[in-house]
Amino acid sequence: MDSKCFYKLSYGVYIACSRKDSKFNGQIVNTCFQVTSDPPQIAMSINKNNLTHEYITESRVAALSILTEKAPMKIIGTFGFKSGRDIDKFEGINYKIGKLGVPIVLDYTTGFFELQIIKDIDVGSHTLFIGRVVEAQVCSEDEPMTYSFYHNVKKGLSPKNAPTYIKKEENTKEEKMQKYICDVCGYVYDPSQGDPDSNIPPGTAFEDIPAAWVCPVCGAGKDSFSPQS
Ligand code: FE
């Protein structure tokens, strides 16, 4: 089996939110899709270990924000790599409370759905929640972020369009530059790509990054990084 084939499947990048009593939580989810149009129903797959899973299971309500290509890694890091058991994910986030009492993230959101959960399908590590759409709203005309955009563009892995001789020179240099992996979230700092979102230009060795720099995904400090073997 070629596991790379799974990367060819197309997804989006969404924030699924729910509530439990007066507490809110949300998380990044990529596996969301419309399953029927009459009535309109959407399915989403949520890991059973996640706090959002617990909230949805109890409250039977959820909201789904569709992130745009403009969404920075920071918001994806907050909702995707941190737990609501440790932090309040909504601090500093622009959101509103919808018809079902669920928080709806509005930052970098091109549209959202509010869902009444009508069915849970146990698929092992995850539950596939089926929700009836009770509200849908378009927020902007910005392009929705696809999972492949997130991997290829946001992580800066898109190929460079450089003249051959420069590319060779860069490659030689890059091969010698050590990559570092974030022990918290698994983000890999690749010196050849730098971290343009944080003004670290391509070609910057990990050692040369300012001490105040933090992981663009989870916010961990430089001391949380280890050389990638
Ligand atoms: Fe990290």
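Going by the structure above, here's the rest.
Attention here is on the structure that accompanies the text. This one's a predicted model, so the numbers in the text were calculated from it and none came from an experiment. In this numbering scheme, every chain counts its residues from 1 along its sequence in written order. Where local features are concerned, this predicted model is filtered to residues with pLDDT of at least 70; where side-chain atom pairs are given and counted, the filter is 80 or more; whole-chain, interface and lining totals use all residues. Based on all heavy atoms of the structure, the side-chain values leave hydrogens and waters out of the count.

1. Quick look at the pairing of strand 4 (residues 40–47)
- With 6 of 8 residues buried, strand 4 lies mostly within the body of the structure.
- Strands are treated as partners if at least two bridges between them are detected by DSSP. A run of DSSP states H or I qualifies as a helix once it reaches four residues; a run of E qualifies as a strand once it reaches two. Both are numbered from the N-terminal end. Both strand 3 (residues 32–37) and strand 4 contribute to a ladder of 5 bridges, which runs antiparallel. For Phe 33, the partnering residue across the bridge sits in strand 4 and is Ala 43.
- Here 7 bridges tie strand 4 to strand 9 (residues 126–138), and the two strands are oriented antiparallel to one another. Each residue of the ladder has a partner; that of Ile 42, found in strand 9, is Gly 131. For every residue, the accessible area obtained with a 1.4 Å probe (protein chains only) is divided by the maximum for its type, and the residue is called buried under 20%, exposed over 50%, and partly exposed between those limits.

2. Looking at the packing of aromatic side chains
- Here a pair means two rings of Phe, Tyr or Trp (six-membered ring of Trp) with centres within 6.5 Å. Their orientation is stacked below 30 degrees between planes, edge-to-face above 60, and tilted elsewhere. With the rule as written, the count across this model stands at 13 aromatic pairs.
- Ring plane angle 85 degrees and centroid distance 5.8 Å describe the contact between Tyr 11 and Tyr 147, whose orientation is recorded as edge-to-face. With Tyr 11 in the segment before strand 1 (14–20) and Tyr 147 in helix 3 (residues 147–154), this residue pair connects regions lying 136 residues apart in the sequence.
- With a relative accessible area of 25%, Tyr 11 lands in the partly exposed category.
- For the ring pair Phe 24 and Tyr 95, a centre distance of 6.2 Å and an interplane angle of 80 degrees mean the geometry is edge-to-face. Taken as a pair, Phe 24 in strand 2 (residues 23–29) and Tyr 95 in strand 6 (residues 95–97) lie far apart in primary sequence, 71 residues in all.
- Classification of Tyr 95 by relative accessible area gives partly exposed; the value is 32%.
- What links up through ring pairs into an aromatic cluster is the set Tyr 180, Tyr 187, Tyr 189, Phe 206, Trp 213 and Phe 225.
- Over the ring of Phe 206 we find Lys 222, and its NZ or CZ is 5.0 Å from the ring centre. When the NZ atom of lysine or the CZ atom of arginine is within 6 Å of a ring's centre and also within 35 degrees of its normal, the charge is said to sit over that ring.

3. Brief notes about the pairing of strand 8 (residues 109–122)
- In terms of strand pairing, strand 5 (residues 61–67) meets strand 8 through 7 bridges, oriented antiparallel. Bridged to Ala 62 within strand 8 is Leu 115.
- Sheet analysis places strand 8 next to strand 9, joined by 11 bridges and oriented antiparallel. Residue pairing in the sheet places Ile 121 in a bridge with Leu 128 of strand 9.
- The hairpin formed by strand 8 and strand 9 contains 3 residues between the paired strands, and Gly 124 there has a positive phi angle of roughly 95 degrees.

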